[in-house]
Amino acid sequence: MRRTRIWMGTSNDHKYMEAREVLAEYGVELERLDIDRVEIQADDPELIAEYSLRVLDVDVPILIEDAGLYIDKYYGFPGPYSSYALRTIDNEGILKLLEGETERGARYLSAVAFRDGDTGVTFTGEVTGRIATEMRGTNGFGYDPIFIPDEGDGRTFGEMKPAEKAGISHRARAFRKLGEWLREGQPTRRGAGTGTGLSRSSSP
Ligand code: ITT
């Protein structure tokens, strides 16, 4: 099986654009389905993405991505509440939570659940870093102005060009795995692993 045209169910333009760029490297054309997906409350982005995908009743090869920012000091908060935290306390609130803190470690996680007929698979990606002491940069979206990746040169994702972010981001890592899997055309055993009809890859 080799798909060159698949769909992403998301309400987020930025996520879609970033994912589309990565999959294009693999010759995969990513179309968009503008939906408000159903999300369960869980800590694990893989479970959240897989559930949202399972209850999505569409008949095309489709994926759902769940992503978020996990701050070490706060046991992973905002994590699955990343959208909510941005809508409420926003980046200023996160900076306030960490005011005067030296322990500023954080990570972005991404889980991509894909389904094509009876075949399903989930891939994950991660990037570790730290929370800046102030907002810097206007590129990217969401938490990017306050996230400094470990693999960078001290700039936030907000200060990086899209291609630089894509070199190391959680999303790019998860979508590259999907791109490789689609390119290889690897068959996945139906129902393997999770009991959701989806099988999993390892991370990062
Ligand atoms: P969909 O569920 O419709 O796809 P969403 O915006 O709710 O869109 P997520 O639940 O996956 O997406 O992500 C939660 C929030 O985490 C998201 O709204 C962003 O604000 C933030 N986020 C995720 N990935 C990010 C990234 O690469 N850079 C900055 N913020 C990010």
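Residues numbered from 1 in each chain as written. Predicted model: local features only at pLDDT ≥ 70, side-chain atom pairs only at ≥ 80, totals over all residues. Heavy atoms only, no water.

J.: Got a minute to help me understand the site of the ligand in this structure?
T.: By nearness alone, 19 residues border the ligand, and Thr10, Ser11, Lys15, Arg37 and Leu86 come closest of all. Contact between the ligand and Asn12: an oxygen atom at 2.9 Å from a side-chain N or O atom of the residue. In the model, an oxygen atom of the ligand is placed 3.2 Å from a nitrogen or oxygen of the His170 side chain. When contributions to the shell around the ligand are tallied by element, the ones reaching two or more residues are β3 (62-71), α3 (82-88) and α6 (170-184). Residues of the shell around the ligand, tallied by class, amount to five nonpolar, seven polar and seven charged. (Near = heavy atom within 4 Å. Polar contact = N/O pair within 3.5 Å; in protein donor to acceptor, adjacent residues only side chain to side chain. Helix = DSSP H or I, 4+ residues; strand = E, 2+ residues; numbered from the N terminus. Nonpolar A, V, L, I, M, F, W, Y, C, P; charged D, E, K, R; others polar.)

J.: Honestly, the pairing of strand β5 (residues 119-131) in this entry has me stumped. Any pointers?
T.: Looking along a regular strand, one sees the side chains alternate between the two faces of the sheet. For β5, the buried fraction is high: 11 of the 13 residues fall into the buried class. Note: β5 against strand β6 (residues 147-149), three bridges, orientation antiparallel. Of the residues in β6, the one forming a bridge with Arg130 is Ile148. (Buried < 20%, exposed > 50% of the residue type's maximum accessible area, 1.4 Å probe, protein only. Pairing = 2+ DSSP bridges.)

Treat this as a map of the structure, not an account of what it does.
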